[in-house]
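Working through the structure, step by step
Read off the chains here:
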Amino acid sequence: MATVVNIMLIDDDPAEELIFRAQMKKVVNYDINMLYAPSLDDAVAMFGKGATVDIVLLDNRLGPGEDFRESAPRLRQSGYIGPIGVISSSLTDPYFQSFAEYGADFRIDKAEFDPTAISFLIQEYAPR
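What comes next is a walk through the structure. Just so it is clear, the model here is predicted, and its values are computed rather than measured.

1. Some details on the packing of aromatic side chains
Enumeration according to the criterion identifies three aromatic pairs in this entry. Arranged with centres 4.4 Å apart and planes meeting at 35°, the rings of Phe20 and Phe113 form a pair that is tilted. Highlighted residues: Phe20 in helix H1 (residues 14-25) and Phe113 in the loop between strand S5 (106-109) and helix H4 (115-125), separated in sequence by 93 residues. Accessibility assignment for this pair places Phe20 and Phe113 in one class, buried. Consider the rings of Phe47 and Tyr80, whose centres lie 5.0 Å apart with planes at 25°: the pair is stacked. Taken together, the residues span a long stretch of sequence, with Phe47 in helix H2 (residues 40-48) and Tyr80 in the loop between helix H3 (68-77) and strand S4 (84-88) at a distance of 33 residues. Overall, Tyr80 belongs to the buried group, its relative accessible area being 7%.

Rules behind the numbers
- Residues numbered from 1 in each chain as written.
- Predicted model: local features only at pLDDT ≥ 70, side-chain atom pairs only at ≥ 80, totals over all residues.
- Heavy atoms only, no water.
- Phe/Tyr/Trp six-rings, centres within 6.5 Å; stacked < 30°, edge-to-face > 60°.
- Helix = DSSP H or I, 4+ residues; strand = E, 2+ residues; numbered from the N terminus.
- Buried < 20%, exposed > 50% of the residue type's maximum accessible area, 1.4 Å probe, protein only.

Note that every value here comes from positions in space, so none of it alone points to a role or purpose.
What follows is the structure, encoded as structure tokens:
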């Protein structure tokens, strides 16, 4: 029986939910339960209602003028202590080099997000 892993995607683009969900269904080693929050406030509300999450995938830009440097600390301040991965369609901005300073554990380009990458992230970051 495959290990169940709860992954929350926080992304304001509903199309990304469909893409990520499809990729997670292709992972064979794990049974992934994907939770989706279109905003940081929705994610915090889900945590407040007792959502169990092993890994958060946080879109770099959730709104105009806000990137993970604001949203990751807010997620930490809400009480989430698990791994946070910043996802972006481009990791070229210099501020991505200091992701850990803002409470994130890893970063990944959306183009690299495939079943192999998902399995690796689970092995590296999901609590045993």
